[in-house]
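What follows is each chain in one-letter form.
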Amino acid sequence: MANIKSAKKRIKVIDKKTAQNRRIKENLKAILKDYDQTIAAGDLEAAAEKRTLAEKKLKQAAAKHTISKQAASHKVSQITKKLNAASAAK
């Protein structure tokens, strides 16, 4: 356990950041899961809107360093690829 006042403060700050990052990641997972379910259902219009939302949230998470920029770009690429494949199949 920390004895120095600044170290105690850092522990509090880290706990806050950890909680914030966890909330952001859980929200991202929920958005991506909802997107996958929409693709599976075959509703391409709704899927296109949800892709836009997912892309926005991924970029925001990357901007706040919750996930890396490369991971965000990779996930955006993958969800776009899924939508294009579903569109081509119809």
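Residues numbered from 1 in each chain as written. Predicted model: local features only at pLDDT ≥ 70, side-chain atom pairs only at ≥ 80, totals over all residues. Heavy atoms only, no water.

Enquirer: Any chance you could explain the side chain of T38 here in plain terms?
Expert: Along the chain, T38 turns up in helix 1 (residues 5-41). When residues no more than four places from it in sequence are discounted, the contact partners of T38 are D43, A46, A47 and K50. (Helix = DSSP H or I, 4+ residues; strand = E, 2+ residues; numbered from the N terminus. Contact = heavy atoms within 4.5 Å.)

Enquirer: Just to check I follow, could you spell out helix 3 (residues 69-89) for this structure?
Expert: Since the α-helix packs 3.6 residues into each turn, any two residues three or four apart lie on the same face. With 21 residues, helix 3 should reach 30 Å at 1.5 Å per residue; the first-to-last C-alpha distance of 30 Å fits that figure. The set of residues buried in helix 3 consists of A72, V76, I79, L83 and A86. End-on view of helix 3: buried residues confined to an arc of 95°, all on one side of the axis. Turned more than 90 degrees off the buried face of helix 3, the exposed positions are Q70, K81, A88 and A89. Buried-residue contacts for helix 3 involve helix 1 and helix 2 (44-63). (Expected span 1.5 Å × (residues − 1). Buried < 20%, exposed > 50% of the residue type's maximum accessible area, 1.4 Å probe, protein only. Arc of directions from axis to C-beta.)

Enquirer: Which parts of the structure should I look at to understand the packing of helix 1 against helix 2?
Expert: In a pair of packed helices, the angle between the axes and the distance between the axes together describe the arrangement. Running from amino to carboxyl end, helix 1 crosses helix 2 at an angle of 160°, the nearest separation of the two axes being 9 Å. Judged by the angle between their axes, helix 1 and helix 2 are roughly antiparallel. Helix 2 is crossed by helix 1, and the crossing has left-handed handedness. Across the interface between the two elements, I24, L28, I31, L32, D34, Y35, T38 and I39 from helix 1 touch A46, A47, K50, R51, L53, A54, K57, L58 and A61 from helix 2. Counted by class, the contact of helix 1 with helix 2 contains 12 nonpolar, one polar and four charged residues. (Axes fitted to C-alpha atoms, helices over the stretch in contact; angles between N-to-C directions. Parallel < 35°, antiparallel > 145°, perpendicular 65-115°, else oblique. Left-handed = near helix turned anticlockwise from the far one by under 90°. Nonpolar A, V, L, I, M, F, W, Y, C, P; charged D, E, K, R; others polar.)

Enquirer: When you look at the environment of D36 in this model, what are you seeing that I'm missing?
Expert: Mapped onto the fold, D36 is located in helix 1. Take D36: its relative accessible area is 33%, and that puts it in the partly exposed class. Separated by 10 residues in the primary sequence, D36 and E26 place their C-alpha atoms 15 Å from one another.

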